[in-house]
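Descriptive structure summary
Okay, here's what each chain looks like letter by letter:
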Amino acid sequence: MTRNQPVPFSHEHHVGGLGLDCRYCHTSVEKARFAGLPPTETCMTCHSQLWTNAEMLAPVRASLARNTPIAWQRVNRLPDYVYFDHSIHVAKGVGCTTCHGPIDQMRLTRQAAPLTMQWCIDCHRSPQKALRPRDAVFDPKWSPPQNQEALGRKLMAEYHVRVDHLTDCSICHR
Amino acid sequence: MIERLAIPICAALLLSACDDVSMTQQNRYRTFTRAALFDNGTEAQPLPDGVVAQGDLRRQSRSVQRPQVNAELLKRGRERYDIYCSPCHGLSGSGDGVVVQRGFPAPPSYHGSRLRAASAQHFFDVITNGHGVMFSYAARVDPSDRWGIVAYIRALQESQRANVADTPELRTRLP
């Protein structure tokens, strides 16, 4: 399900088509809980020159002119009693698309994972099913190889992912 | 009588304010949430003029002190270059990135004589302040990463003029 956004931003165009790296816009994903929503300045880095009169981008230009942030509607919501940190997941080899789905094919952003406790815990119990090499974390085209189970276990050891603490209550509820 | 009623009435009023007892929505602001408390309606507040934020001075010192150039810095520089610079400047620094192919004015190639002669500080300053139609990347790229990118640009420049004879051990890896 998608939500009505002030601008119909397409990850399909920017990621799948142009091949921009996730971090071009989501600059804090490697160092903070919050992946970072780009300031209007980031959009205008290109759109000061490209599609400058497009009606679709009028809210972006207005945001820059009036120095008012664009009011995006949140797509992935977690309850307030859940602690979630992007940076630790990225650092330990959880790829963007593992939770965000085929974002490079989404014309409008939608929630790809159920984000239920069961879903979180499944992975916290068996991270070897999802872990990928760090240099593939931002690759939207990555898919698990045939030997994923073995690769995942190897990466768990290499990245010091310890399952015995990953299901502690305080890991996600603090 | 009023005193005796006051406490239960207060308690009832307080409880009725908590229509969500699941704690799904708690009374606090998360990053970038709407915040009626502030005039601009968001939790994210611009710093008042003259405020020095925590970490600003350390950040500034990383602008002045150049890190040692080693393989690690170059590797980091390449990664950051590929993320933030290659969309316009191209993976090889020729100024033919994908955004340029879509109509953005082409930046100069790093391999021309002017930019080959330009100082490291020049590249650092352009990343920091922007130049021409290029916006500032100061908010996106940390100063130490800017130095990494500068080092990698030097490597790109060298790569275009390298002689295979100078690096015999690499010859075997060429296609």
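Residues numbered from 1 in each chain as written. Chains lettered and ligands numbered in written order. Predicted model: local features only at pLDDT ≥ 70, side-chain atom pairs only at ≥ 80, totals over all residues. Heavy atoms only, no water.

**So, the nonpolar core**
Heads up, the condition is: The definition of a nonpolar core used throughout is a set of buried Ala, Val, Leu, Ile, Met, Phe, Trp, Tyr and Cys residues joined through side-chain atoms within 4.5 Å. Remark: exposure states derive from per-residue accessible area (1.4 Å probe, protein chains only) relative to the maximum for the residue type, with buried under 20%, exposed over 50%, and partly exposed in between. Going along the chain from the N terminus, every DSSP run of H or I of four or more residues is numbered as a helix, and every run of E of two or more is numbered as a strand. Any pair of residues with heavy atoms lying within 4.5 Å of one another is described as a contacting pair.
Counting 20 residues, the largest nonpolar core has Tyr 81, Tyr 84, Phe 123, Ile 149 and Val 150 of chain B as its most contacted members. Within the residue set of this core, elements represented by two or more residues are α3 (71-89), α6 (120-129) and α7 (143-159) of chain B. Element by element, the count of residues in this core is highest for α7 of chain B, at 6 residues. With residues up to four places along the chain from it excluded, the contact list for Tyr 81 of chain B reads Ser 86, His 89, Gly 90, Leu 91, Gly 93, Tyr 110, Ile 149, Tyr 152, Ile 153 and Leu 156 of chain B. With 10 residues, the next largest nonpolar core counts Ala 136, Trp 142, Leu 151 and Met 156 of chain A among its residues.

**Comments concerning the domain arrangement of chain A**
Residue and element names in this part refer to chain A. For the record, the criterion: Note that the domain bounds were set by an automatic or database domain assignment. Note on definitions: buried area is the accessible-area loss of two parts on being combined, 1.4 Å probe, summed for both. By definition, a salt bridge exists where a carboxyl oxygen of Asp or Glu is found within 4 Å of a side-chain nitrogen of Lys or Arg.
Each assigned domain of chain A is listed here: domain 1 (11-66) and domain 2 (86-172). Across the contact, 14 residues belong to domain 1 and 12 residues belong to domain 2. At the boundary of domain 1 with domain 2, total buried surface from both sides reaches about 1100 Å², with 62% on carbon and sulfur atoms. Seen at the junction of domain 1 and domain 2, the total is 1 salt bridge.

**Let's talk about unusual backbone geometry**
One non-glycine residue with positive phi stands out, namely Leu 115 of chain A, at about 55°. Positive phi is not limited to glycine here, since Phe 32 of chain B has a value of about 65°. Relative to the helices and strands, Phe 32 of chain B resides in the loop between α1 (2-17) and α2 (56-64).

**Brief notes about the packing of α3 of chain B against α7 of chain B**
Residues and elements named next belong to chain B. In plain terms, the rule: Where helices are involved, their axes are fitted lines through C-alpha atoms of the stretch in contact, as for all axes, and angles between N-to-C directions lie from 0 to 180°. Here is the rule for angles: anything less than 35 degrees is roughly parallel, anything more than 145 is roughly antiparallel, 65 through 115 is roughly perpendicular, and the remaining ranges are oblique. Side-chain classes follow a simple rule in which Ala, Val, Leu, Ile, Met, Phe, Trp, Tyr, Cys and Pro form the nonpolar group, Asp, Glu, Lys and Arg form the charged group, and the remainder, Gly included, forms the polar group.
Two numbers describe how α3 lies on α7: the axes approach to 7 Å, and their chain directions differ by 95°. As the angle between them shows, α3 and α7 are arranged roughly perpendicular. Within the contact between the two elements, α3 uses Leu 73, Leu 74, Arg 76, Gly 77, Arg 78, Arg 80, Tyr 81 and Cys 85 and α7 uses Ser 144, Asp 145, Trp 147, Gly 148, Ile 149, Ala 151, Tyr 152, Ile 153, Ala 155 and Leu 156. Split by residue class, the contact of α3 with α7 holds 11 nonpolar, 3 polar and 4 charged.

**Quick notes on the state of the cysteines**
Residue and element names in this part refer to chain A. Cut-off, in case you're wondering: We call a pair of cysteine sulfur atoms a disulfide when they lie within 2.5 Å.
For the coordinates displayed, the defined rule picks out 0 disulfides over all chains. Cys 172 supplies the cysteine sulfur nearest to Cys 169, a cysteine that is in no disulfide, at a spacing of 9.2 Å. According to the relative accessible area criterion, Cys 169 is exposed, its value standing at 64%.

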